[in-house]
Amino acid sequence: MFRKFRKFWRSIGPGLITGAADNDASAIGTYTLAGARTGYSQLWVLLFILPFMIALQEMSARIGALSGCGLIGNIKRHYPVWLLVPAATIIVMANTFNVGANIYGMAGAVNLLIPLPIEALAILMSGIILLITIFLRYHQIVSIFKWISVSLFSYVLAFLAVDADWLSILKHTIIPSITVSKDFFFILFAVMGASVSPYLYFWQASEEAEDFKQEHPRVRVCKFRVVPKGTLQRIDTDTALGMFFSNFISFFILALSATTLYQVGDGHIETLREAAQMLHPLVGEYAFLLFSAGIVGSGLIAIPVLAGSAAYVLAELFNWHGSLDDSFSRAREFYIVMTLAVTAGLLIPFLGITPIQALFYTAVLNGLISPLLIILIVHMANNPQIVGPNTSRPLVNYLGYAIFFLMTAGAVFVFIS
């Protein structure tokens, strides 16, 4: 039994880490706010969006594995500059903003346990994360991320500590419940944006490419190469598992907030720290600590994923050495970009944006920039120069086009409203 588990644990990687990173502080803030303001009525969205998440991440993973190159590297090689520059600019700017939202969400949770200034905790924890990312090698970082992912089960345990209306939860999960109001649709769009966060496409493609380079360091990249038998099946399984894990955790975050904060408050929350404090008298000491631990665990994964995906983008754009397996001296520009992204993120509070606004509007921003990136991914996943004969299955393509139209419609709604 133990040997089977070890084999299974070694077989999973980028998919699980990507799924854990999807529940970053921005997503936690969005799901918490959604539950506090709309109760159980948006639980169905998490079930509805899951097939689309799997399809997008599967396409991204296959692009990385089959070309040995990330998304920007492939766009640069196979597509015009007028597509390359906007895609790179959008993801770097969005990731930097997202890094800041995650840093302060995590620091606020730690402040509940360690009474130091939030700003000082944010700087300290950012420094620790950067040091770990810079000085440890790729396989060590992956191993750490996989084990930290387990910490997100704290949300499941926290939810099980409260007295929930399971019949109502089941009903709202299976049967869509829609309130015709601007606020409801705005929150719904944010929930979808948090679930299909664009940085996840870039991260998973880059990590699959990283795995490829680990095994074939001298093979030319950004061009289709035959992969060993079973590789694509492993990728598809890992991706589906990671996305299921992501939404499994998201479900319990939203349900916990709906069971507690929706029942006693007006849905007005300024910070994740405040949300955790409000939960304390409602769910008890242990559940409160589990909620806070989940925020910290998600931040430890999401911050290097966000900064790392921005660094991968610029490394591929400017042909820098860019790999988490490289030393600082070999990939200086790559690690400098990561450091700058984290440093810029630390400045978010000085823009006059409250932490919960930063977390929530990050999800909205993710939704707004998704359509361009989604349609690019669908095209790349069917480009023989990139994936050879391993083009996406018809069902995966249909899901890709469907989520493109849904996110485009949502983006238009946000602009109009």
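Residues numbered from 1 in each chain as written. Predicted model: local features only at pLDDT ≥ 70, side-chain atom pairs only at ≥ 80, totals over all residues. Heavy atoms only, no water.

Caption draft 1: Local environment of a nonpolar patch on the surface. Nonpolar side chains collect at one region of the surface, where Leu113, Ile114, Leu116 and Leu289 lie side by side and expose about 320 Å² of accessible area between them. Mapped onto the elements, leucine 116 comes out in the loop between helix H6 (81–111) and helix H7 (118–135). What makes leucine 116 partly exposed here is its relative accessible area of 42%. (Patch = residues over 30% accessible without salt bridge, like charges linked within 9 Å, V, L, I, M, F, W, Y side chains within 5 Å. Areas by Shrake-Rupley, 256 points an atom, 1.4 Å probe, with all protein chains shown as cover. Salt bridge = Lys/Arg side-chain N within 4 Å of Asp/Glu carboxyl O. Helix = DSSP H or I, 4+ residues; strand = E, 2+ residues; numbered from the N terminus. Buried < 20%, exposed > 50% of the residue type's maximum accessible area, 1.4 Å probe, protein only.)

Caption draft 2: Region of the structure containing the packing of aromatic side chains. For the structure shown, the criterion picks out 17 aromatic pairs. With a centroid separation of 6.1 Å and an interplanar angle of 65°, the aromatic rings of phenylalanine 185 and phenylalanine 413 are classed as edge-to-face. Of this pair, phenylalanine 185 sits in helix H11 (residues 182–195) while phenylalanine 413 sits in helix H18 (residues 394–416), and the two are 228 residues apart along the sequence. Overall, phenylalanine 413 belongs to the partly exposed group, its relative accessible area being 27%. Taking the centre distance of 5.2 Å and the plane angle of 65° together, the rings of phenylalanine 404 and phenylalanine 405 count as edge-to-face. Judged by relative accessible area, phenylalanine 405 falls into the exposed class, the value being 55%. Taken together, Phe153, Phe159, Trp166, Phe244, Phe245, Phe248, Phe251 and Phe252 form an aromatic cluster joined through their ring pairs. (Phe/Tyr/Trp six-rings, centres within 6.5 Å; stacked < 30°, edge-to-face > 60°.)

Caption draft 3: Representation of the packing of H7 against helix H15 (residues 332–345) in the model. Contact geometry for H7 and H15: axes closest at 11 Å, N-to-C directions at 165°. As the angle between them shows, H7 and H15 are arranged roughly antiparallel. Judged by the sense of rotation from one axis to the other, the crossing of H7 with H15 is right-handed. Of H15, the residues touching H7 (which contributes Ser126, Leu130, Thr133 and Ile134) are Tyr335, Met338, Thr339 and Val342. (Axes fitted to C-alpha atoms, helices over the stretch in contact; angles between N-to-C directions. Parallel < 35°, antiparallel > 145°, perpendicular 65-115°, else oblique. Left-handed = near helix turned anticlockwise from the far one by under 90°. Contact = heavy atoms within 4.5 Å.)

Caption draft 4: Region of interest: unusual backbone geometry. Non-glycine residue asparagine 319 carries a positive phi angle of around 60°. Assignment of secondary structure puts asparagine 319 in the loop between helix H14 (272–318) and H15. Residue asparagine 319 is classed as exposed on the basis of its relative accessible area of 62%.

Caption draft 5: Geometry of the pattern of salt bridges. Summed over the entire model, instances satisfying the criterion amount to five salt bridges. A salt bridge links glutamate 58 to arginine 393; its shortest N-O distance comes to 2.6 Å. Note that glutamate 58 is positioned in helix H4 (residues 43–67) and arginine 393 in the loop between helix H17 (384–387) and H18, a separation of 335 residues in sequence. When the shortest N-O distance is used, the salt bridge between aspartate 236 and arginine 62 registers 2.8 Å.

Caption draft 6: Structural detail: H4. Helix length check: H4 (25 residues) gives 37 Å between terminal C-alpha atoms against 36 Å at 1.5 Å per residue, within 8%. Isoleucine 49 marks where H4 bends most, by close to 35°; the proline proline 51 follows one to four residues later. Most of H4 is tucked away, with 21 of its 25 residues classed as buried. One or two residues past the end of H4 sits glycine 68, with phi positive at roughly 65°. (Expected span 1.5 Å × (residues − 1). Bend = angle between axes of the 7 residues up to and from the residue.)

Caption draft 7: How the structure looks around the environment of serine 329. Here serine 329 shows up in the loop between H14 and H15. Here serine 329 falls in the exposed class, since its relative accessible area comes to 54%. Within the structure, serine 329 has its side chain in polar contact with the side chain of serine 327 (distance 3.1 Å). (Polar contact = N/O pair within 3.5 Å; in protein donor to acceptor, adjacent residues only side chain to side chain.)

Caption draft 8: Fine view of the nonpolar core. Core analysis: the biggest nonpolar cluster contains 132 residues, and Ile72, Tyr201 and Phe334 have the highest contact counts within it. At 16 residues, the largest contribution of residues to this core is made by H14. Setting aside its immediate chain neighbours within four residues, tyrosine 201 contacts Leu56, Gln57, Ser60, Leu71, Val196, Ser370, Leu373, Ile374 and Ile377. (Core = buried A, V, L, I, M, F, W, Y, C linked by side-chain atoms within 4.5 Å.)

Caption draft 9: Here's a closer look at the packing of helix H3 (residues 25–38) against H11. Between H3 and H11, whose axes approach to 9 Å, the crossing angle comes to 150°. As summarised for this structure, H3 and H11 are arranged roughly antiparallel, according to the angle between their axes. For the pair H3 and H11, the sense of crossing is left-handed. Packed against H3, whose contacting residues are Ala27, Thr30, Tyr31, Ala34, Arg37 and Thr38, the element H11 presents Phe184, Ile187, Ala190, Val191, Ala194 and Ser195 at the interface. Tallied by class, the residues present in the contact of H3 with H11 amount to eight nonpolar, three polar and one charged. (Nonpolar A, V, L, I, M, F, W, Y, C, P; charged D, E, K, R; others polar.)

Caption draft 10: Region of interest: the side chain of arginine 62. Position of arginine 62 relative to the elements: it lies in helix H4. Under the relative-accessibility criterion, arginine 62 is labelled buried at 12%. If sequence neighbours within four positions are ignored, arginine 62 has contacts with Leu232, Ile235, Asp236, Val387, Asn390 and Thr391.

Caption draft 11: Structural detail: the environment of asparagine 247. By the secondary structure assignment, asparagine 247 is in helix H13 (residues 231–264). Judged by its relative accessible area of 5%, asparagine 247 is buried. Sequence-wise, asparagine 247 and leucine 50 are 197 residues apart; in three dimensions their C-alpha atoms are separated by 7.0 Å. Ignoring sequence-local partners within four residues, the contact set of asparagine 247 consists of Leu46, Ile49, Leu50 and Met53.

From the geometry alone we can't say anything about function, so treat these as descriptive.
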